[in-house]
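So you can see what is in the structure, the chains are spelled out below.
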Amino acid sequence: MRLSFNLAGLVLAGLLAAPALAQQPAADTLAAVKGRGTLACGVSTGVAGLSQADSRGEWRGIDADFCRAVAAAVFGDASKLRFVPTTPQNRFTALQSGEIDLLSRGTTYSFTRDTGIGLSFTDVLVHDGQGFLVKRDLGVKSGKELDGASVCLQPGTTTELNLTDWARTNAVSFQPVLIESFQEATSAFLAGRCDVYTTDRTGLAAIRATQGGNADQFVILPETISSEPLGPFVRKDDARWADIVKWVRNALIAAEEYGVTAANAESRRQDANPEVQRLLGTTGDFGQRLGLDNAWALRAITAAGNYGEMWERNMIPVGVDRGRNALVRDGGLMWSPPFR
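Figured I'd write up the structure that's included with this text. (Residues numbered from 1 in each chain as written. Predicted model: local features only at pLDDT ≥ 70, side-chain atom pairs only at ≥ 80, totals over all residues. Heavy atoms only, no water.)

Here's the deal with the sheet that holds strand β10 (residues 174-178)
Strand order in this open sheet of 5 strands is β10-β9-β11-β8-β12, and the pairing throughout is mixed. Both outer strands of the open sheet, β10 and β12 (218-220), are each paired with one neighbouring strand and no more. Adjacent strand axes in the sheet meet at a mean angle of 30 degrees, parallel and antiparallel pairs treated alike. Examined bridge by bridge, strand β8 (residues 130-135) and strand β11 (residues 196-200) share 5 bridges and lie antiparallel to one another. From the neighbouring strand, glutamine 130 faces β11, where its bridge partner is aspartate 200. Across the sheet, helix α6 (residues 158-170) lies against β8, β9 (149-153), β10 and β11, angled at about 85 degrees from β8, the strand it touches most. On top of the sheet, helix α7 (residues 182-190) reaches β8, β9, β11 and β12; it is set at about 150 degrees to β11, its chief contact. (Pairing = 2+ DSSP bridges. Helix = DSSP H or I, 4+ residues; strand = E, 2+ residues; numbered from the N terminus. Axes fitted to C-alpha atoms, helices over the stretch in contact; angles between N-to-C directions. Contact = heavy atoms within 4.5 Å.)

Structural data, given as structure tokens:
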């Protein structure tokens, strides 16, 4: 039986997922962060590989590690950091209002978010795409075989609009089951409240990986129905803070390109390569240009490792290979502008 749903309603929900522009706080985030003595970093409510609190309450994941890298760059101490769990519904408001200084929780860069809500995307931390997760015993091999299926998804995300667009293009009908948090939506899918779970493929891999011996009972279908450039957001009214966040990301990728790791970064400060010397603050005045000292990138790399180390530590254990997130020289999309 074909189950239909209100496409126009989901389109409207997708377009209105980002809240209206809120009153902006004073535009000197670096001064506010230093004055407070901690960086407030918005993360998810728990997605393995990206940001999730472990059994001891320690936040793990590539988004969480990026928060640590920024804190280390600013303070020289990655522990001067407060993680603030956010949902798709409150994440932008938390950043707009100044409750957090940085949003690092697997958030997609889009036209509406870049132009309409007073926030700036800094750069891609993870290239992702939306997919479908089903139980193997459903017996399907393609998303196009899911006509009439019920699908769990989170409201207030680009996931809604992507699903709507894909369903219309492929003449497939779905019955949406909208559940706010990632954990609740996952539990609903595992309990059989819906036939399909759709979100970014990294999230689907995390769900599958955390099923232990039952992981083979779940299948990620081959379709990738969207392009999801995920990365940190900051407020649009503070160009210096945006530069700090952007160049911390660039430094972590450059470190991988030049073989600089958490373990060897200090010893590489006198490297023969002038680019490495500039990256690690031995020469040049890049720190001054950001309002930091020249060892900012050295501290970020030492605290979090280079980009490849972050990926190996967080994403490989949940079954997500580098793919498009490999360095450009290795056939991927990750690159850093030169330090010169």
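Now that the structure is up, let's keep going.
Re the packing of aromatic side chains
Summed over the entire model, instances satisfying the criterion amount to 14 aromatic pairs. Both rings, one in tryptophan 247 and one in phenylalanine 339, keep their centres 5.2 Å apart while their planes meet at 85 degrees; by these two values the pair is edge-to-face. Here tryptophan 247 is found in helix α9 (residues 239-257), whereas its partner phenylalanine 339 is found in the segment after α13 (307-314), with 92 residues between them in sequence. Take tryptophan 247: its relative accessible area is 22%, and that puts it in the partly exposed class. Taken together, Phe92, Tyr109, Phe121 and Phe233 form an aromatic cluster joined through their ring pairs. (Phe/Tyr/Trp six-rings, centres within 6.5 Å; stacked < 30°, edge-to-face > 60°. Buried < 20%, exposed > 50% of the residue type's maximum accessible area, 1.4 Å probe, protein only.)

Considering the pairing of β9
For β9, the buried fraction is high: 5 of the 5 residues fall into the buried class. By the alternation rule, side chains of β9 split into Ala149, Val151 and Leu153 and Ser150 and Cys152, which are all buried. Sheet topology places β9 next to β10; 5 bridges connect them, and they run parallel. Across the sheet, residue serine 150 finds its bridge partner in β10, namely glutamine 175. With α6 bridging β9 and the parallel β10, this β-α-β connection has right-handed handedness. (Right-handed = clockwise from strand over helix to strand, strands pointing away.)

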